[in-house]
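Chain by chain, the residues:
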Amino acid sequence: VQLQASGGGSVQAGGSLRLSCAASGTMFIINSMGWYRQAPGKQRELVAAMPTGISANYADSVKGRFTISRDNAANAVYLQMNSLEPEDTAVYYCNALYSTGYRNREVWGQGTQVTVSS
């Protein structure tokens, strides 16, 4: 399984961006998809995740501003980011937990840069 993410860019504070990520491959079932981010000098952190059939969970810092959604038929996940703040500047990574055969696996996308200027 591979993840292809897109949609990063540069915006001013208060602006919006939408990230997209699609999984491709054969013979797999997605159990959860989500977004993480890593700012320079910091550890990678969860932004939002949406297990299949379960409500999404968000980092406290993005609640009310970011919305995660999934298209299960397309094995895709999206992150709508509104009211962006300079503190949201980071590389954003798509993540998926999936099953293939009897194995549970995890895969990461290539990362997409989000830069928010004040």
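Look up: the structure comes first, before these words.
Residues numbered from 1 in each chain as written. Predicted model: local features only at pLDDT ≥ 70, side-chain atom pairs only at ≥ 80, totals over all residues. Heavy atoms only, no water.

Caption draft 1: Region of the structure containing the state of the cysteines. Following the criterion strictly, the structure yields one disulfide and no others. Across the disulfide from Cys21 sits Cys94; the S-S distance is 2.1 Å. Note on the Cys21 and Cys94 pair: the S-S dihedral is about -85°, so by sign convention the disulfide is left-handed. Highlighted residues: Cys21 in strand β3 (residues 17-24) and Cys94 in strand β9 (residues 90-100), separated in sequence by 73 residues. (Disulfide = S-S within 2.5 Å. Helix = DSSP H or I, 4+ residues; strand = E, 2+ residues; numbered from the N terminus.)

Caption draft 2: Just unusual backbone geometry, in detail. Positive phi outside glycine occurs at Met27, with the angle close to 55°. Mapping Met27 onto the fold places it in the loop between β3 and β4 (29-38). With a phi close to 50°, Ser83 is a non-glycine residue in the positive phi region.

Caption draft 3: Seen up close, the nonpolar core. Judged by nonpolar contacts, the single largest core of 31 residues is most densely connected at Trp35, Leu79, Met81 and Tyr92. It is β9 that provides the largest number of residues to this core, a total of five residues. (Core = buried A, V, L, I, M, F, W, Y, C linked by side-chain atoms within 4.5 Å. Buried < 20%, exposed > 50% of the residue type's maximum accessible area, 1.4 Å probe, protein only.)

Caption draft 4: Representation of the side chain of Asn95 in the model. Position of Asn95 among the secondary structure elements: in strand β9. By relative accessible area, which is 5% here, Asn95 ends up buried. Engagement of the side chain of Asn95 in a polar contact is seen with the side chain of Glu106, the distance being 2.9 Å. Discounting residues that sit within four places of it in the chain, Asn95 has contacts with Leu3, Ser32, Met33, Gly34, Tyr36, Glu106, Val107 and Trp108. (Polar contact = N/O pair within 3.5 Å; in protein donor to acceptor, adjacent residues only side chain to side chain. Contact = heavy atoms within 4.5 Å.)

Caption draft 5: Expanded view of the pairing of strand β10 (residues 103-108). By the bridge criterion, six bridges tie β9 to β10 in an arrangement that is antiparallel. Paired with Ser99 across the strands is Asn104, a residue of β10. The loop that links β9 with its antiparallel partner β10 comprises two residues; one of these, Gly101, has a positive phi angle of about 65°. (Pairing = 2+ DSSP bridges.)

It is worth stressing that arrangement in space is one thing and function is another; only the former is reported here.
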